Amino acid sequence: MESGSRGVAPGGVSVSAVLPAGGSGERLGGATPKQFCAVQGRPLVSYAVRAMERISWISGIIVVVSPENIETMKTIIEKYGHKRVTVVEGGITRHRSIFNGLKVFAENEFSSHLLQKPEVVIIHDAVRPFVEEDIVSKVVMAAKEHGAAGAIRPLVSTVIASAADGCLDHSLERARYRASEMPQAFLFDIIYEAYQKCTDYDLDYGTECLHLALKYCKTNAKLVEGTADLWKVTYKRDLYAAESIIKENLSQQVCVITSGKENLAQIGFLLPESLKSHIKVEAISKSVSKNDSCLQNIISGQCYNFVCVNDKRCAIQETQELVDMLEKSNTPLLCPVVLISVHLDTSENNSFSIGMEDLAMIKKFARETKKKNILVYGLLIQYK
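Residues numbered from 1 in each chain as written. Predicted model: local features only at pLDDT ≥ 70, side-chain atom pairs only at ≥ 80, totals over all residues. Heavy atoms only, no water.

Engineer: What is the right way to read the overall build of the protein from this model?
Structural biologist: Along the protein, the regular secondary structure elements total 12 helices and 16 strands. The proportion of buried residues among the 384 residues of the protein is 47%. Carbon and sulfur atoms provide 51% of the accessible area of the protein, an area that totals close to 19,300 Å². (Helix = DSSP H or I, 4+ residues; strand = E, 2+ residues; numbered from the N terminus. Buried < 20%, exposed > 50% of the residue type's maximum accessible area, 1.4 Å probe, protein only. Areas by Shrake-Rupley, 256 points an atom, 1.4 Å probe, with all protein chains shown as cover.)

Here's what the structure looks like:
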């Protein structure tokens, strides 16, 4: 669950992140740079920002964009409610953009005020939307110990070199090599020194941050085996793959909201416990109205499945409050939201029924919310 307070980073170090997002998207094709292409109605860069934002111990997120896209990025931040984000003007190459992002912590000219310099800085591409806290934590811990660290993956294809005449010169033994991925992390002083020392040729033609740390600071990066979802959106087909993954992820998360009433506390514990072995579960054990900020964070994280557990006397009211919050949020409801309202009858009465007036009200409520792409289902359960 997202948190409004800052957590403690692995190893107790202070951590910030720099996300280069200044690419033109040439290989993708089309007029819109890939980082601003919409996936499920939301720009790709917003997913990457959110991935970092949900890690409570990352204190600041620097997004580096080309000059012409600064206002676009600021609009995205405002629309999707991103926090702890600073937008910085990028350079003409990837390395120059990253260097500008680092300067925010060290040079006044790149920000209206200096941000607190972190002990460790994460560098992560804005077009890699699926990074999880576990791999970020491992890379940060490794950087703290070794000075630099980066995620890697096995090579999918064999790498070959061609001669001047276009014929095969040699090939690399695939088992000995790895693909360099993101995220990467560095002790701030090491990577900043490397960028200060590197040549214009490095800044204009280089692509590997770990190499700069090795070349200019003699820092051998620790390589951390990454997961399969660290891939980078490069071509148009990758956008379709990203959309498919996001849709699948949406079906794998549910938020269980249980009234704080004592007689429902046991259900509030048992339901998430039984679900968490199958899907990701966020659990809230107080009324919706008293958990606005907590729920807003879950909704902004694009949770599309909710279970509201209440006694049958107030279930519609609680469900309506949740629908109102969904409507007021900036979450694009391109996929239907599934909202299961569980009405618990905890009375001693053995009758197991609901009045016709209540039933008509529930049906009307469900019809109205369906027009808003919110599917409401009701369950009446007698619980002793």
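This is not the end of the story, as more comes after the structure.
Engineer: Looking at this structure, I do not really get the packing of helix α5 (residues 188–197) against helix α7 (residues 209–217). What am I missing?
Structural biologist: Between two packed helices, what matters for the description is the angle formed by their axes and the separation of those axes. Closest axis-to-axis distance for the α5/α7 pair is 9 Å, and the angle between their directions is 80°. With respect to α7, the element α5 is oriented roughly perpendicular. Between α5 and α7, the contacting residues are I190, I191, E193, A194, Y195 and K197 on the first element and C209, L212, A213, Y216 and C217 on the second. Tallied by class, the residues present in the contact of α5 with α7 amount to nine nonpolar, no polar and two charged. (Axes fitted to C-alpha atoms, helices over the stretch in contact; angles between N-to-C directions. Parallel < 35°, antiparallel > 145°, perpendicular 65-115°, else oblique. Contact = heavy atoms within 4.5 Å. Nonpolar A, V, L, I, M, F, W, Y, C, P; charged D, E, K, R; others polar.)

Engineer: It is not clear to me how the pairing of strand β9 (residues 168–171) should be interpreted in this structure. Could you clarify?
Structural biologist: The two faces of the sheet receive side chains in turn, since in a regular strand these alternate between them. Across three bridges, strand β8 (residues 160–162) lies against β9 in antiparallel orientation. In the strand pairing of β9, S162 is matched with L168. Connecting the antiparallel pair β8 and β9 is a turn made up of five residues, with G166 showing a positive phi of about 85°. (Pairing = 2+ DSSP bridges.)

Engineer: What am I meant to see in the pairing of strand β12 (residues 253–258) here?
Structural biologist: Within β12, six of the six residues are buried, which leaves it mostly tucked inside the rest of the structure. Side chains Q253, C255 and I257 project from β12 onto one buried face, and the interleaved V254, V256 and T258 project onto a second face that is buried too. Sheet analysis places β12 next to strand β13 (residues 280–284), joined by five bridges and oriented parallel. The partner of V256 across the bridge, within β13, is A283. Relative to strand β14 (residues 305–311), β12 runs parallel, the two sharing four bridges. Across the sheet, the residue bridging to T258 is V309, located in β14.

Engineer: Hey, could you run me through the nonpolar core in this one?
Structural biologist: Grouped burial of nonpolar side chains is what soluble globular proteins tend to show. Membership of the largest hydrophobic core comes to 40 residues, with the highest contact counts inside it found for M73 and I122. At the level of secondary structure, the elements contributing two or more residues to this core comprise β1 (15–20), α1 (44–53), β4 (58–65), α2 (70–79), β5 (85–89), β6 (120–123), α4 (133–146) and β7 (148–154). With six residues, the single largest contributor to this core is α4. Beyond its immediate stretch of four places on either side in the chain, M73 contacts F36, V45, V49, V63, V65 and V87. In terms of nonpolar packing, the next biggest core, distinct from the first, is built from 31 residues, I246, C255, V323 and V337 among them. (Core = buried A, V, L, I, M, F, W, Y, C linked by side-chain atoms within 4.5 Å.)

Engineer: Looking at this structure, how should I read the pattern of salt bridges?
Structural biologist: As a working rule, side chains carrying opposite charge can pair if their charged atoms are close by. Applying the stated criterion across every chain, the model contains 11 salt bridges. D189 is the partner of K117 in a salt bridge, and the nearest nitrogen-oxygen pair spans 2.9 Å. Residue K117 is located in the loop between α3 (94–103) and β6, and its partner D189 is located in helix α5; the two are separated by 72 residues in the primary sequence. Classification of K117 by relative accessible area gives partly exposed; the value is 42%. As a salt-bridge pair, R128 and E181 come within 2.7 Å of each other at their nearest N and O atoms. Taken together, the positions of R128 in the loop between β6 and α4 and E181 in strand β10 (residues 178–187) put the pair 53 residues apart, joining distant regions of the chain. Each member of the pair, R128 as well as E181, is classed as buried. (Salt bridge = Lys/Arg side-chain N within 4 Å of Asp/Glu carboxyl O.)

Such coordinate-based values are descriptive only and should not be taken to indicate function.
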